[in-house]
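Examining the three-dimensional arrangement
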Amino acid sequence: MNLIFSNVLHRHVEPTHPSSIEKGQQLIKWHSPISSRRITCASTTGAGICIGSPMYYAVCSIGGSLCCATTHLAILPLDLIKCRMQVNSVKYPSLIDTLKISLKEDGVKGLIRGWEATALGYGAQGVVRFGLYEYLKIKFADWSNPETFYVYRTFMYLTAAAIAEMTADIPLSPFESIKIRTQTISGFPTSLRQAVSTVMATEGIGGFYKSLIPLWGRQIPYTMVKFATFERTLEFLYKYKKGRPNFLRVN
């Protein structure tokens, strides 16, 4: 049984001991770290995507992939400017100067240089990040008793987010390394296939993962804060809204 204490479940607290969960005709009891708490699981009636089902993970993964790919593509010109300013601050001293120089040398099309690597890399990252985060969050609830998960839910969110992002950056790293080279190295191939061949010929497979540790240093804290903040903010908002999203149900 998947029991997730979040905005998608109704949580009902009454003074009783020991703690228990009711689901249909089932009554499950456990030793609770907090006495005088009774929790009732959400209704299982109604159609929708079952939380923890293969369809649920597929939707989370596909949605995450689309969101990550489209948002990074949307800001690709700004990312190109940022990378060039970081690599060569003498030639590119400011945002406006970098934009003018880039337009003069490469034209408007040059502002989206590295779009293939961006779309594929962050699309792959989104699949793993969002899909694995949801999977781990649910598994943490299964591996611990429901009351413990509720009490320590923020720690669970942070842990799930850290593991998911660490894993997601592994398929991202090769594409990110190609994107940065394409954007910052003069004469470097602009097509993805030629760029991959060039890195393999000159640096080998290790060339794709040179930036993995710095990538972890940037992405893991960001993702931990993002997911934990999202979960707790949603929980806060649903205190003032009765019911739950009608497209989700509990199995």
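Computed from a predicted model, the values in this text were never measured in an experiment.

**Examining the confidence of the model for the protein chain**
Any residue range with low pLDDT should be treated as having predicted coordinates unsuitable for detailed reading. Per-residue confidence for the protein chain gives a mean pLDDT of 82, with 77% of residues at or over 70. With pLDDT under 50 throughout, residues 1-44 is counted as low confidence; its partners more than four residues away or in other chains account for 113 contacts. Scored below 50 in pLDDT, residues 246-251 makes 27 contacts in the model with residues more than four places away or belonging to other chains.

**A look at the pattern of salt bridges**
On inspection of all chains with the given rule, the structure shows 13 salt bridges. Arg 129 serves as the salt-bridge partner of Glu 165, at 2.6 Å between the closest nitrogen and oxygen. On the criterion of sequence distance, the pair formed by Glu 165 in helix 6 (residues 153-184) and Arg 129 in helix 4 (residues 115-143) is long-range, its members being 36 residues apart. In this pair, the class of Glu 165 matches that of Arg 129, namely buried. One connected set of salt bridges, linked through shared partners, spans Asp 79, Lys 82, Glu 176 and Lys 179.

**Regarding the nonpolar core**
Tyr 133, Leu 136, Phe 140, Ala 141, Phe 149, Met 156, Tyr 157, Ala 160, Ala 161, Ala 164, Phe 227 and Ala 228 form the largest nonpolar core, which has twelve residues in total. By size, the runner-up hydrophobic cluster in this structure holds seven residues, among which are Ala 117, Ile 178, Ala 195 and Phe 208.

**Focus: helix 3 (residues 95-106)**
With twelve residues, helix 3 extends 16 Å from end C-alpha to end C-alpha; this agrees with the ideal 16 Å at 1.5 Å per step. Looking one or two places after helix 3, you find Gly 107, whose phi comes out positive at around 80°.

**Some words on the packing of helix 6 against helix 7 (residues 192-203)**
Interaxial distance between helix 6 and helix 7 falls to 10 Å at its minimum, and their mutual angle equals 100°. In terms of axis orientation, helix 6 runs roughly perpendicular to helix 7. Note on element contacts: helix 7 touches helix 6 through Leu 192, Ala 195, Val 196, Val 199 and Glu 203, opposite Phe 175, Ile 178 and Arg 181. Grouping the constituent residues of the contact of helix 6 with helix 7 by class yields six nonpolar, no polar and two charged.

**As for the packing of aromatic side chains**
Using the criterion set out here, one finds six aromatic pairs in the structure. Arranged with centres 5.8 Å apart and planes meeting at 65°, the rings of Tyr 56 and Tyr 57 form a pair that is edge-to-face. Owing to a relative accessible area of 12%, Tyr 56 belongs among the buried residues under this scheme. You can call Tyr 57 buried: its relative accessible area is 17%. Among the aromatic residues, those joined into a ring-pair cluster are Tyr 56, Tyr 57 and Tyr 135. Here the guanidinium or amino end of Arg 153 rests over the ring plane of Tyr 150, the centre of that ring lying 4.1 Å away. Sitting above the plane of the Phe 227 ring, Lys 226 keeps its charged end 5.1 Å from the centroid.

Each value, and the rule that gives it
Residues numbered from 1 in each chain as written. Predicted model: local features only at pLDDT ≥ 70, side-chain atom pairs only at ≥ 80, totals over all residues. Heavy atoms only, no water. pLDDT = per-residue confidence, 0-100. Contact = heavy atoms within 4.5 Å. Salt bridge = Lys/Arg side-chain N within 4 Å of Asp/Glu carboxyl O. Helix = DSSP H or I, 4+ residues; strand = E, 2+ residues; numbered from the N terminus. Buried < 20%, exposed > 50% of the residue type's maximum accessible area, 1.4 Å probe, protein only. Core = buried A, V, L, I, M, F, W, Y, C linked by side-chain atoms within 4.5 Å. Expected span 1.5 Å × (residues − 1). Axes fitted to C-alpha atoms, helices over the stretch in contact; angles between N-to-C directions. Parallel < 35°, antiparallel > 145°, perpendicular 65-115°, else oblique. Nonpolar A, V, L, I, M, F, W, Y, C, P; charged D, E, K, R; others polar. Phe/Tyr/Trp six-rings, centres within 6.5 Å; stacked < 30°, edge-to-face > 60°. Lys NZ or Arg CZ within 6 Å of the ring centre and 35° of its normal.

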